[in-house]
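# Observations on chain architecture
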Amino acid sequence: MSLLHFAVLLPFLYTIFVPLFFKKLPRIHTGWFVIVIPLLLFVYFLTNFPVQTDSPPIVHSVPWIASAGIHFSLHLDGLALLFALIITGIGTLVVLYSIYYMSMKREALHNFYVYLLLFMGAMLGIVLSDNLMVMYVFWEATSVSSFLLIAYWYQRKKSRYGAQKAMLITVFGGFAMLLGALMIGTAAGTFSIREIIGMRETLADHALFLPAMLLILLGAFTKSAQFPFHIWLPDAMEAPTPISAFLHSATMVKAGVYLVARFTPVFGGDMNWFWIIAIVGTLTLFWGAFMAIRQTDLKALLAYSTISQLGLIMSLLGIGSLALNPDFAAEADWFEAAILAAIFHLFNHSIFKGCLFMVVGILDHETGTRDIRKLGGLMSLMPVSFTLTVIGGLSMAGLPPFSGFLSKEMFFAGVLAANTHTEQWTLWLPIAAWVASIFTFAYCLILVFKTFTGTYHPDRLDKKPHEAPIGMLIPPILLALIVVSAFFFPNLLSYSLFEPAIHSVLPGLRLPGETFYVKIKAWHGLNTELYMTIGIVVVGTLLYRTYKKWGDVYNLLPHKYTLGSLYDNGLAGAEKLSARITSTYMNGFLHSYLSYIFVFIILLVGGSFVLLDAFGYDLSTNAEIGLYEYILAGAIAVLAGFVISVTSRLTAIIAVGAVGYLVSLLFVIFRAPDLALTQLVVETITTALFLLAFYFLPKLKTEVTRIRVKISNLLISIGIGALFTLIGIAAQGSNQFKPVSEYFQNAYELSGAKNMVNAILVDFRAFDTMLESVVLFTAGIGVYTLIKLRKSRKGGQQ
């Protein structure tokens, strides 16, 4: 096992020790023991930085389920390294932030950090997995760990509700992704992502190509909260703020973005891939920004902003995928720039969104509320938090001198390129992007100015506001410094981090040794992108200033028609329907349960046999049935029917014994005298025991009742009996394997027994017989012990 495997498994393994630290060292915050893990992992991944684009990715594999082609294979290329650094880097700052945010006395810190480490390890597993099935395991691990984190304060109804919603939606998408992975793996004949990417030319003509694409996109859209699956993300804000910062900036929601980026080399040349991602991403960008303005909770505002920003990144990935389409080879440079914009904005969003969530957590921690209507006038009381909010908020708004301005301008260039160079009706892309950016600018102004400027209302706050402790401020300060530095030194990571990631998303577009052109700069002259930005500032400011006049537009759509309400009503309806269906068959009667089981067996097994034409009979090799056999079979059937019709126990017992004696006569006819003798002995003993036991039971009361024949019971009985009879005859007539009797043909040489049956019972089943003897001996000891205890207790009472 390699260091790369150990890096993925380390967070999982370390969860064993976290409860011990919490219990044995209660005076030290558990976070100080946990922060070592993300920090070590961040340093480890830095040792692999930068990735050389002209060298193959780092690949390590451990055999797992070799027969199914599933191996614990990991690979580290430019895209995986970018995500790994974001996950571990942001993770380190989140743990440091949580040390000052999470109380040692009031919180179950061992649970919190165990869930956090599981979350981190699962996300690392996703971005580093080379095997689709292994990726799926980690994919669902993020759903489970996020469920635990969102429901961390499980005493709150909203926390449980948010966790359940996130679990249901993301697991639904996870199953879709699993089906897509199985399809594409079947089409390619391998589950290795690297090998599938190498077969992209041949896969495009496969019948499973389009279904696999749609299912994988469904999994990505649910995980990255794309419209209409975005409704789980705002409710996930019920998690503690450190988790919200980690989930929104570096994990979970970025998993879907990663999946789209990773599979762009496979599906990127297909126009369906472009249209689906571009439309869904742009719609999500607009809807998230539009809904963020109406929020009064700061975390809810940031949650909808995350939805919007993820839509922006998705749309860029869709546009950039056209670089792999041969029809747009001449315009490939424009679409490559869109991929660069997506990767750069992914980096920017992780930084400024982590900063903003931490600042909102500080506001909640120091004022006791996140309600914008209660806040205001905090600029002089919390100057550091105000500065951090300005940096993060204006970077998200796309203003200089912050890194968000650079990636936003690149985004505009991408949507304009899609409209100019695709020669299709795509004018709506830049229009939708511009309108969505106006709303983005407006909610960023709300975030900054509604919170920190205006009138201070101390009577509305639960606490007297003051600046947070330095330990809580360090993580957002570091992130804010990166936001500013990335504007002034945008190309510091261009060819060491961003360009290798582009190589992973767009492989094969450059010859070995060639690089993509990565040059990020703030000034491109007076171009369309700059004019769009100026228009955004003007119109966005106007919207912010006149919100009270147009804000009623949000009330035009009744609440019952919103996606959240449809989800709630659908879930409630499904529960009522399932309860109604369950009540129809769970009636408490064994008769009903057996009827359902037998009908299911008849339909499933019988239907399968009929569809597969499995009822095959070959009676040519069977021996002829003699007269005596007919007579004995008829007598057995008559006696069996007689047993269920008599009213006397004594008569019924004798009739049952007679059936056994007639069976022994069949053994005599079949030339098995030893079996006949055994049957006679057994029937004699059991009949005597039955008579002895029933002698002490009260006599049956004579009752005159009318026997009712239920047609359904009759049909089920006949059906199940006929089915297993036919199956038995079909099995008897099928010679798929050599008969077992051939193994015992040399019984005399192997065991010295001239009688084959005796050899089987005594020698070949000796171990089984010994165990049966042990069981009988153990039961005998138990009976003897109970008798002795009963006698001793009676003696003591006397």
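This report concerns the structure included in the present document. All of these numbers come straight from a predicted model, not from anything done at the bench.

The number of helices and strands found in the protein chain is 33 helices and two strands. Its C-alpha atoms give the protein chain a radius of gyration of 37 Å, clearly above 28 Å, the size a compact globule of 798 residues would have. For the protein chain, the spread of C-alpha atoms along the three principal axes comes to 110 × 75 × 55 Å. A fraction of 78% describes how many contacts in the protein chain between residues 6 or more apart in sequence connect residues 24 or more apart. A total of about 40,000 Å² of accessible surface is found on the protein chain, and carbon and sulfur atoms cover 68% of it.

Here the focus is the packing of aromatic side chains. Counting across every chain of the model gives 35 aromatic pairs. Centre to centre, the rings of Phe21 and Phe33 are 4.5 Å apart; their planes meet at 10 degrees, and the pair counts as stacked. Of this pair, Phe21 sits in helix H2 (residues 18-24) while Phe33 sits in helix H3 (residues 31-34), and the two are 12 residues apart along the sequence. Among the residues examined, Phe33 registers a relative accessible area of 18% and is labelled buried. Here the aromatic rings of Phe267 and Trp273 are separated by 5.2 Å at their centres, their planes lie at 20 degrees, and the arrangement is stacked.

With seven bridges joining them, strand S1 (residues 58-65) and strand S2 (residues 70-76) adopt antiparallel strand pairing. In the sheet register, His60 faces S2, and the bridge partner there is Leu74. The turn joining S1 and S2, which pair antiparallel and follow one another in sequence, is formed by four residues; a positive phi near 70 degrees is taken by Gly69.

Of note, Phe42 is situated in helix H4 (residues 36-47). Residues Phe42 and Ile86, 44 residues apart in the sequence, show an inter-C-alpha distance of 8.6 Å.

About the cut-offs
Residues numbered from 1 in each chain as written. Predicted model: local features only at pLDDT ≥ 70, side-chain atom pairs only at ≥ 80, totals over all residues. Heavy atoms only, no water. Helix = DSSP H or I, 4+ residues; strand = E, 2+ residues; numbered from the N terminus. Rg over C-alpha atoms; globule rule 2.2 N^0.38 Å. Contact = heavy atoms within 4.5 Å. Areas by Shrake-Rupley, 256 points an atom, 1.4 Å probe, with all protein chains shown as cover. Phe/Tyr/Trp six-rings, centres within 6.5 Å; stacked < 30°, edge-to-face > 60°. Buried < 20%, exposed > 50% of the residue type's maximum accessible area, 1.4 Å probe, protein only. Pairing = 2+ DSSP bridges.

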